[in-house]
Amino acid sequence: MRLILASSSPRRSELLKRAGLKFEVYVPSVDESSVSRDDAGELALLRARLKAGCAASELSRFGRGDFIVLGADTVVERAGEIFPKPKDEADALGMLMRLSAGAHNVYTGVCFVSSNNTACERIVRSVVTFGEFEREPLERYVKSGKAFGKAGAYGIQDEELGFLIKKTDGARDNVIGLPVATVTEMLKEKSKWRQWK
């Protein structure tokens, strides 16, 4: 049985590689922005479920044999406001400024769907605390292009933001986009776990 990552995210691929997992990448034909929920955790899980389910359906139609698909989605939230991927530089800078000087939640929904339609899913939460912002380094970060394609307009792994990040409670890799410990724990619950190592 093959493990399929339903994501084009290079960060998720890198995290799985570091965990020593063998996997293939398949990007499903799905528009995650079409899904909305007020609850950030539920939104992350719903989008992860959508990605995994769509990929599993498409792969089954292609006759791709036995597989298990991993779908994941990360949502950033502070005080009820959900921070999506930024549309442009002004949007990215505005998000970073609103996230500064306080804590925010990062939720990742994780969903596995197998070729025989069994599924399991979880929501993982981390809390990131930003210090007071300095506008000039934030502007440089946004202009570097690293803010784009990331929920909340930032990557915790980006060195340029070291001055802003004061504390992380919970799994750091969850903030990057995939809680690896949770993923491996979920895979271990499957009887054919060793085939993915």
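As shown above, the structure is provided for reference.
Asker: Quick rundown of the overall build of the protein chain? Include the residues and the values.
Answerer: In terms of helices and strands, the protein chain carries six helices and seven strands. Ordered by position from the N terminus, the helices and strands of the protein chain form the series β-α-β-α-β-β-α-β-β-α-β-α-α. Structurally, the protein chain occupies a C-alpha span of about 50 × 30 × 30 Å along its principal axes. By the burial criterion, 50% of the 197 residues in the protein chain qualify as buried. Taking contacts inside the protein chain between residues at least 6 apart in sequence as the whole, the part at least 24 apart equals 67%. In the protein chain, 31 side chains carry a positive charge and 27 a negative one; their mean positions are 6 Å apart.

Asker: I'd like a rundown of the pairing of strand E3 (residues 67-78), residues and numbers included.
Answerer: In terms of burial, E3 is a largely internal element, eleven of the twelve residues being buried. The sheet contact formed by strand E1 (residues 2-5) and E3 spans four bridges and is parallel. Each bridged residue has a counterpart across the sheet, and for Arg-2 the counterpart in E3 is Phe-67. Note: E3 against strand E5 (residues 102-114), ten bridges, orientation antiparallel. Bridge pairing in E5 places Thr-74 opposite Thr-108. Pairing between E3 and strand E4 (residues 81-83): three bridges, direction antiparallel. Across the sheet, Val-76 pairs through a bridge with Phe-83, a residue of E4. Hairpin connection of E3 to E4: two residues between the antiparallel strands, including Ala-79 at a positive phi of 50°.

Asker: Got a sec to walk through unusual backbone geometry? Specific residues and values, please.
Answerer: A positive phi angle, near 50°, is found at Ala-79, a position not held by glycine. For Ala-79, the position within the fold is in the loop between E3 and E4. According to the relative accessible area criterion, Ala-79 is exposed, its value standing at 82%. Here the phi dihedral of Ala-101 falls at roughly 60°; this positive angle occurs in a residue that is not glycine.

Criteria and cut-off values
Residues numbered from 1 in each chain as written. Predicted model: local features only at pLDDT ≥ 70, side-chain atom pairs only at ≥ 80, totals over all residues. Heavy atoms only, no water. Helix = DSSP H or I, 4+ residues; strand = E, 2+ residues; numbered from the N terminus. Buried < 20%, exposed > 50% of the residue type's maximum accessible area, 1.4 Å probe, protein only. Contact = heavy atoms within 4.5 Å. Lys, Arg positive; Asp, Glu negative; His and termini not counted. Charge placed at Lys NZ, Arg CZ, Asp CG, Glu CD. Pairing = 2+ DSSP bridges.

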